[in-house]
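Here is how the chains run, residue by residue.
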Amino acid sequence: MVAATKSCTWHTTAILVLLLIGLAGTQQQPQQQQQQPPQQQAEQQESRPWYEALPAVAMDYKVHIEAGKEDCYFQYVQPGSTFYVSFQVIRGGDGMAGFAVRNPRGEIVHPYQWQASSDYTDGSSMGGYYAVCIDNQFAKFASKLVNLYLTVIRYDEWEKYTKEIEDLNVNINNFTGTISTVERNLNAMFQYQSHSRNTEARDYALIIDNNSYVQSWSLLQIVVIILTTSVQVYFVRKLFDVKSGTSTKMRI
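On a predicted model such as this, the values are computed, not experimentally measured, just so you know.

Draft legend 1. Geometry of the overall build of the chain. For the chain, the helix and strand inventory stands at three helices and nine strands. Scanning the chain from its N terminus toward the C terminus, one meets helices and strands in the order α-β-β-β-β-β-β-β-β-β-α-α. Working note: accessible area of the chain is about 18,400 Å², and carbon and sulfur atoms make up 59% of it.

Draft legend 2. Broad picture of the sheet that holds strand β9 (residues 144–153). The sheet built from four strands is open, its strands ordered β1-β9-β3-β7 with antiparallel pairing. Either end of the sheet is taken by a strand with one partner, and the two such strands are β1 (56–65) and β7 (117–122). Each strand axis lies, on average, 10° off the axis of its neighbour in the sheet, ignoring direction. Note: strand β3 (residues 82–91) against β9, nine bridges, orientation antiparallel. Bridge pairing in β9 places F83 opposite V152.

Draft legend 3. Structural detail: the state of the cysteines. This structure, assessed with the given rule, holds one disulfide. In this model, C72 is linked to C133 through a disulfide, with the two sulfur atoms separated by 2.1 Å. On the S-S bond that ties C72 to C133, the torsion sits near 110°, and the link is right-handed. Of this pair, C72 sits in strand β2 (residues 70–77) while C133 is found in strand β8 (residues 128–135), placing the two residues 61 residues apart along the sequence. By relative accessible area, which is 32% here, C72 ends up partly exposed. Residue C133 is classed as buried on the basis of its relative accessible area, which comes to 1%.

Draft legend 4. View of the side chain of D135. Here D135 shows up in strand β8. No salt bridge is formed by the buried D135; its nearest oppositely charged neighbour, K140, is found at 8.6 Å. Once you skip the residues sitting within four places of it in the chain, D135 turns out to touch K69, E70, A97, G98, Y112 and W114.

Draft legend 5. Main features of the layout of surface pockets. Counted as a void, the largest pocket has a volume near 180 Å³. If you go around the largest pocket, the residues you meet are I90, R91, G92, G93, G95, R202, A205, L206 and D209. If you list the elements that add at least two residues to the lining of the largest pocket, you get β3 and α3 (175–239). The residue inventory of the lining of the largest pocket, partitioned by class, reads three nonpolar, three polar and three charged.

Draft legend 6. View of the environment of T228. Structurally, T228 is set in helix α3. Judged by its relative accessible area of 38%, T228 is partly exposed. Side-chain polar atoms of T228 contact the backbone oxygen of V224, separated by 2.7 Å.

Draft legend 7. Expanded view of the packing of aromatic side chains. Under the criterion given, the structure shown has seven aromatic pairs. Summarising the aromatic geometry, the rings of W114 and F138 are spaced 5.4 Å apart at their centres and angled 80° between planes, so their arrangement reads as edge-to-face. One end of the pair, W114, is in strand β6 (residues 114–115); the other, F138, is in the loop between β8 and β9, with 24 residues separating them in the sequence. On the accessibility criterion, F138 (66% relative accessible area) is exposed. With a centroid separation of 5.4 Å and 80° between ring planes, the pair formed by Y234 and F235 is classed as edge-to-face.

Draft legend 8. Structural detail: the confidence of the model for the chain. The predicted model of the chain averages 76 in pLDDT, with 69% of residues at 70 or higher. pLDDT under 50 marks residues 1–8. Its contacts with residues more than four places away, or in other chains, come to zero contacts. The low-confidence segment residues 26–38, where pLDDT is below 50, has zero contacts with residues more than four positions distant or belonging to other chains.

Draft legend 9. Representation of the pairing of strand β4 (residues 97–102) in the model. Counting buried positions along β4 yields five of six residues, so the element is predominantly enclosed. Here five bridges tie β4 to β8, and the two strands are oriented antiparallel to one another. Paired with A100 across the strands is C133, a residue of β8. Note: β4 against strand β5 (residues 108–110), two bridges, orientation antiparallel. The residue bridging V101 from the neighbouring strand is H110, located in β5.

About the cut-offs
Residues numbered from 1 in each chain as written. Predicted model: local features only at pLDDT ≥ 70, side-chain atom pairs only at ≥ 80, totals over all residues. Heavy atoms only, no water. Helix = DSSP H or I, 4+ residues; strand = E, 2+ residues; numbered from the N terminus. Areas by Shrake-Rupley, 256 points an atom, 1.4 Å probe, with all protein chains shown as cover. Pairing = 2+ DSSP bridges. Axes fitted to C-alpha atoms, helices over the stretch in contact; angles between N-to-C directions. Disulfide = S-S within 2.5 Å. Buried < 20%, exposed > 50% of the residue type's maximum accessible area, 1.4 Å probe, protein only. Lys, Arg positive; Asp, Glu negative; His and termini not counted. Salt bridge = Lys/Arg side-chain N within 4 Å of Asp/Glu carboxyl O. Contact = heavy atoms within 4.5 Å. 1 Å grid on protein atoms, 1.4 Å probe; cavity = no way out; pocket = protein on both sides within 12 Å on 5 of 7 lines; lining within 4 Å. Points joined across faces, edges and corners; volume = space filled by probe spheres on them. Nonpolar A, V, L, I, M, F, W, Y, C, P; charged D, E, K, R; others polar. Polar contact = N/O pair within 3.5 Å; in protein donor to acceptor, adjacent residues only side chain to side chain. Phe/Tyr/Trp six-rings, centres within 6.5 Å; stacked < 30°, edge-to-face > 60°. pLDDT = per-residue confidence, 0-100.

Now the structure itself:
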């Protein structure tokens, strides 16, 4: 009887310990479930490309637009950033296309215009995805090659860098103004270089088209001259061709 009572007490203590561990686990699970939504939100925020969080982003694209179609491209812009976009038709058709920009609310801030090049600047963005659309619906047969240049600049990030340097007790009386001036000048230079590259690409495409046009017409004219000369020589020889079957007698 004594051995039976000892075994019963051992089993009961083990069961009590397991129950206590189970209750502790059930109390911790709701806390973990309550902490999951913020983590999921952080993961959703981190799901965007890494370069969108940089102080300055510059992108240069060459896109091909089919005849009679419209293509839109989306770019995320941080709130308060400066957004700049420019487009230029490099080659194709009459060298013009439609260009429009929509803000994150869906409002058209740059209306459609049929032109060879254009640009748009938003000095203080509301934040969100901007839509850049290129329309080639008026051209029914000619496709276009278009160059797109986009920049997203966050000038407020330079103030954070300034505060970090001030915490290190560094003398930066003119450091902030110099960095801001250099950054603005660099962005202006990048925009000017983009326009220069677009103009160069457009001129090069025009030279290639003119060269192929001249070569094609020159070869065609050479073929026509050769055919015309051959026909003229053939008929001139036929005029002086004497038939061998006929003979003429001379009378005295």
